[in-house]
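# An overview of the molecular structure
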Amino acid sequence: METKGRTPAVSLGASVREVFSFFFFLGRRTGKTRVFFLVGMIPVGIAVLVRILMAGRADDLAAVFSEILMVFFVTFYIVILSLFYGTSIVAEELEGRTLSYLTSRPLSKTGIFLGKYAAYTSLIFVMVTASLFLSYFIMNSHRLREAALYGAFLRYAGVLGLGILAYTAFFAFLGTFLKRAILVGLMFGFGWENVIQYFPGSTQKFSLVHYLKSLLPRQPSAGGKLAILLFRLEPSSPATAIISLVVVAAVFVALGCWVFRTKEYLFEE
Amino acid sequence: MTPVIETKNLSKWYGNVLGLSDVSLEIESGITGLLGPNGAGKSTFMKLITGQMKPNIGAVTIRGKRVWNDYRLFSRVGFCPEPDAFYEDVTGWEFLTGLLRFYGFTRAEAADRATRALAIVELSADKDRKVRSYSRGMRQRVKFAQAIAHDPDVMILDEPFSGLDPLGKRRLIKLVKDFESEGRTVLVSSHVLPEIEAVTSRIIMIHQGKILAQGDIHMVRDLIESHPHMISLRSPAARAVAAAFVDDASVLKMTFGTDGRSLVVETHNRDAFFSRLQAVVVEKGIEVDEIDSPDDNLQAVFDYLVGK
């Protein structure tokens, strides 16, 4: 075997690319991905059902999509996917005791973290987009010739993509230093994120879902005496929402890289 | 000669538990065996010198460069970790080519190297099977393959022989010895004395996180020989066996078990004892169910050495 004279280390870009390729490939093979892909078929099933039950009421279909299916995507599907894949970036290596296969290669720890983050966000995005695509076009199959339909689809996909980037970054960061990151993530994703939306004023801006909902097309809100009990979105501007989500993703990815690079991980033997 | 691996006052503890204490070593090219009973600190040492863990005190260098967080070093280092852990959903081929790509090899180079490494460990025929379906021995071999596939100058092998059948063990021992003839540096750990003895005569003995001795393996053998051996046997005629050895000067002590069938003999001449035992058994027609030599385990040797 001769290898003398080869490059002493892999550049950060190449590290990210190779780690991405390996884990995107590996991620597709896992049972977790198969289960979550099936979960993604729930809105598709709902879309089929709604189309059958609401045949002839085409005008209501857009409302059903944005009020039910998008709520599923924004408040459940991308959160649960980001939680399980984001926290697993480090946790699966520790639990499976495979971390040494990565850290004994000429790869920077930053490259490993970024590569896995990129692989898992891409994998989530593929799953979410497939589900969104099917459910959206089933619901709107009567308007396939309208150009606006495709623009709206891209907008929905873009919003979900931003949500995936931000949530996965946050959960990946939690996973770098918390032993029970999933538990803390569950409390954040399905506790804090839901509860805080019912707070009036600027408090709801301390949730990621606020910015995601700010980017979605809005239906007229319900009025009446009980309106005070209902969730009222006080949206941020689209520019603020996009910048906030991008900043959250960037900050938590940077923090995750820093913790992963400096922390010593001990295996539980 | 300049040491390839050097540790200075290396110490590591886990909370209140001491993993490694004040270890200063110089390891030169060739094969060095790290020998110690389970829990002696071998894996802690291996993890420290491969940068998997950070020392609390002291430093580790490979070819003069500090190991912790210097990932560039690993283009020249191969590490075979001790745990039986893998990415289970990939095939042996995908496992190797995937890891080889981390060195910056092109797809074709990675494929070529994976093919050669799998051939060396005799897994070519099973390369397309998922790792999760491999036997323990196959998993051990593919783990070894990933450590050698990129052709490293320095190889750190943590318990590489565990889980291998005798034939597989012999083949791997030959491979490791071949690396020495190519001028590489190999550090191999084991808790089994004959395994280390089969690959090298240069050893480091570790016990309770401290280096007990460093040098030639024959020194250990001599130390063992200077201490009495314990031999236990089970026989329905244990007392008849004992009676035959009462006048044997090489036997120092005999103890009967409470069941009346077991006997523990202490002798300072094991070979003479076994030779006489064979004669006694044949001559008197004594049935012996089991013979064991507890001294053969490394823990007993180390207990002798540390004066327990």
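Residues numbered from 1 in each chain as written. Chains lettered and ligands numbered in written order. Predicted model: local features only at pLDDT ≥ 70, side-chain atom pairs only at ≥ 80, totals over all residues.

### Examining the overall build of chain B
The cut-off we apply is this: Secondary structure elements are taken from DSSP: a helix is a run of H or I of four residues or more, a strand is a run of E of two residues or more, and numbering for both begins at the N terminus. Comment: burial labels come from other C-beta atoms within 10 Å of the residue's own C-beta, placed from the backbone, where a count of 20 or more is buried, 12 or fewer is exposed, and between is partly exposed. It is the C-beta atoms, placed from the backbone, that decide contacts: two residues are in contact if theirs lie within 7 Å.
Check the secondary structure of chain B and you find 10 helices and 14 strands. Overall, the C-alpha framework of chain B stretches about 70 × 45 × 40 Å when taken along its three principal axes. The 308 residues of chain B split such that 43% are buried. A separation threshold of at least 6 residues defines the contact pool for chain B, and within that pool the share at least 24 residues apart is 66%.

### With respect to the environment of F161(B)
Residues and elements named next belong to chain B. Structurally, the position occupied by F161 is in the loop between strand 7 (154-158) and helix 5 (166-181). Classification of F161 by C-beta neighbours within 10 Å gives buried; the count is 23. Between the C-alpha atoms of F161 and E180, which are 19 residues apart in sequence, the distance is 17 Å. In this structure F161 touches K169, L172, S190 and E195, once residues within four positions along its chain are discounted.

### Some thoughts on the packing of helix 3 (residues 41-53) of chain A against helix 6 (residues 109-139) of chain A
Residues and elements named next belong to chain A. Note the threshold: All axes are obtained by fitting lines to C-alpha atoms, using only the stretch in contact for helices, and the reported angles, taken between N-to-C directions, cover 0 to 180 degrees. Throughout, the term roughly parallel applies to angles under 35 degrees, roughly antiparallel to angles over 145, roughly perpendicular to angles from 65 to 115, and oblique to all others. Put simply, Ala, Val, Leu, Ile, Met, Phe, Trp, Tyr, Cys and Pro go in the nonpolar bin, Asp, Glu, Lys and Arg in the charged bin, and everything else, Gly too, in the polar bin.
Where helix 3 contacts helix 6, the axes come no closer than 8 Å and their chain directions differ by 5 degrees. Accordingly, the angle class assigned to the pair helix 3 and helix 6 is roughly parallel. In this structure, helix 3 uses M41, P43, V44, A47, V48, V50 and R51 to contact helix 6, whose residues at the interface are S131, L134, S135, I138 and M139. Classifying every residue of the contact of helix 3 with helix 6 by side-chain character gives nine nonpolar, two polar and one charged.

### What about the confidence of the model for chain B?
Selection criterion: pLDDT is defined as a per-residue confidence score from the predictor, taking values between 0 and 100.
Here chain B averages 88 in pLDDT, and 94% of its residues register 70 or above. In the predicted complex, the global pTM is 0.83; the interface-specific ipTM is 0.84.

### Some points on the pairing of strand 10 (residues 210-216) of chain B
All names here are of chain B. Stated precisely, the cut-off is as follows: Strand pairing is assigned whenever DSSP identifies at least 2 bridges connecting the two strands.
Pairing between strand 9 (residues 202-207) and strand 10: six bridges, direction antiparallel. Note on strand 10: the bridge partner recorded for I206 is I211. Linking strand 9 to strand 10, which pair antiparallel, is a turn of two residues; within it Q208 sits at a positive phi near 50 degrees.

### Notes on the interface of chain B and chain A
On the chain A side, the residues contacting the 28 residues of chain B number 27 residues. Contributing elements (two or more residues each) for the side of chain B that touches chain A: strand 6 (77-80) and helix 2 (92-101) of chain B. If you tally residues by element for the side of chain B that touches chain A, the top one is helix 2 of chain B, at three residues. Looking at the side of chain B that touches chain A, its residues break down into 15 nonpolar, seven polar and six charged.

### Quick word on the nonpolar core
Selection rule: Each nonpolar core consists of buried Ala, Val, Leu, Ile, Met, Phe, Trp, Tyr and Cys residues. Their C-beta atoms, within 7 Å, join them into a set.
In terms of nonpolar packing, the biggest core is built from 140 residues, with I78(A), V128(A), L96(B) and A145(B) touching the most fellow members. It is helix 4 (residues 58-95) of chain A that contributes the most residues to this core, 15 residues altogether. Counting eight residues, the second largest nonpolar core, distinct from the first, contains A238(B), V251(B), F273(B) and L277(B).

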